[in-house]
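Okay, here's what each chain looks like letter by letter:
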Amino acid sequence: MQLDGDEFTVRLVTDGSVTAAGFELRFECAGAPTPTVPTTASGEVGLTLKDNHGAVVTATSGTIDDGYAPMYENSLRQSVTVIGRNCLLEFLEFSVEGHSSCGYDVVTISVDGAVQERLCGSDAIAPMQLGGGRFAVELKTDGSVRDAGFRIAFTCEAPTAFEALAAMTNHVAGM
């Protein structure tokens, strides 16, 4: 079967009375853009939200920053996802418009789809140890005040092939 368009949905509906083996679906997307992720000679990944928005990468070390020197833009909502186990995040630079509930500009750290931290302001941020199989960093900004942004270093254990596949599947499914 060949489908045209940007998305498709597969839904299994059962009545709950009889169980069976189910089904397996394999698919390939033709012409889907593959983001280019810069790496250093040592294999570290350098991700910027500006250039790599929406990227999902498997990595054991690298940096993530907003990519908007000297100040990030207004009205952004950009993120990257890293697949890796037991990751340590160290905040090398952090200056995002402050607010008591981070209601204006906010950097959100999520693990396996669940929000762990919402960060704003310019206070030093202690390193974070994250469990799970993947984490995401998202920058969301409002339409007024801009600031210098952030730069985060991360190190992770390499996921098993099964964990990487499961994390990618959960990401695609929107979990």
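The rules behind each value
- Residues numbered from 1 in each chain as written.
- Predicted model: local features only at pLDDT ≥ 70, side-chain atom pairs only at ≥ 80, totals over all residues.
- Heavy atoms only, no water.
- Helix = DSSP H or I, 4+ residues; strand = E, 2+ residues; numbered from the N terminus.
- Contact = heavy atoms within 4.5 Å.
- Areas by Shrake-Rupley, 256 points an atom, 1.4 Å probe, with all protein chains shown as cover.
- Buried < 20%, exposed > 50% of the residue type's maximum accessible area, 1.4 Å probe, protein only.
- Pairing = 2+ DSSP bridges.
- Core = buried A, V, L, I, M, F, W, Y, C linked by side-chain atoms within 4.5 Å.
- Salt bridge = Lys/Arg side-chain N within 4 Å of Asp/Glu carboxyl O.
- Axes fitted to C-alpha atoms, helices over the stretch in contact; angles between N-to-C directions.
- Disulfide = S-S within 2.5 Å.

(A) Structural detail: the overall build of the chain. On a plain count of helices and strands, the chain comes out with two helices and ten strands. N-terminal to C-terminal, the α/β element order of the chain is β-α-β-β-β-β-β-β-β-β-β-α. Contacts in the chain between residues at least 24 apart in sequence constitute 70% of all its contacts with a sequence separation of at least 6. In the structure as shown, the chain presents an accessible area of about 11000 Å², 51% of it carried by carbon and sulfur atoms.

(B) Highlighting the pairing of strand β6 (residues 106-111). Among the six residues that make up β6, six are buried, leaving the element largely enclosed by the rest of the structure. Along β6, one buried face is formed by Val 106, Thr 108 and Ser 110 and the opposite face, lined by Val 107, Ile 109 and Val 111, is buried too. Here β6 runs beside strand β7 (residues 114-119); their pairing, made up of five bridges, is antiparallel. When the sheet's bridge partners are listed, Ile 109 is paired in β7 with Glu 117. Adjacent in sequence and paired antiparallel, β6 and β7 are bridged by two residues, among which Asp 112 carries a positive phi angle near 50°.

(C) Quick look at the nonpolar core. Judged by nonpolar contacts, the single largest core of 33 residues is most densely connected at Ile 64, Leu 89, Ile 109, Phe 135 and Phe 150. Breaking this core down by element, the ones donating at least two residues are β1 (45-48), β4 (77-83), β5 (85-95), β6, β8 (128-130), β9 (134-140) and β10 (149-157). Residues in contact with Phe 135, not counting those within four places in the same chain, are Ile 64, Val 80, Thr 81, Val 82, Cys 87, Leu 89, Ser 110, Val 111, Leu 130, Phe 154 and Cys 156.

(D) Spotlight on the pattern of salt bridges. Under the counting rule described, the total for this entry stands at three salt bridges. With a shortest N-O distance of 3.8 Å, Arg 146 and Glu 73 are connected by a salt bridge. Linking Arg 146 in the loop between β9 and β10 with Glu 73 in the loop between β3 (61-65) and β4, this pair joins segments that are 73 residues apart in sequence. The partner of Glu 138 in a salt bridge is Arg 77, and the shortest N-O contact between them spans 3.0 Å. With Glu 138 in strand β9 and Arg 77 in strand β4, this residue pair connects regions lying 61 residues apart in the sequence.

(E) Spotlight on the sheet that holds strand β2 (residues 56-58). Strand order in the open sheet made by the five strands is β2-β4-β9-β6-β7, with mixed pairing throughout. Every interior strand has two partners, whereas the edge strands, β2 and β7, have only one. Put simply, the sheet's adjacent strands are angled 20° from each other on average, direction ignored.

(F) Spotlight on the state of the cysteines. The tally for this structure, following the rule as stated, stands at two disulfides. Shown here is the disulfide that connects Cys 87 with Cys 156, its sulfur atoms set 2.1 Å apart. Its torsion about the S-S bond being 110°, the disulfide of Cys 87 and Cys 156 is classed as right-handed. Separated by 69 residues along the polypeptide, Cys 87 in strand β5 and Cys 156 in strand β10 bring together distant segments of the chain. Cys 156 matches Cys 87 in its accessibility class, with the two residues each being buried. Along the chain, the cysteines that take part in disulfide bonds pair up as 1-4, 2-3, counted in sequence order.

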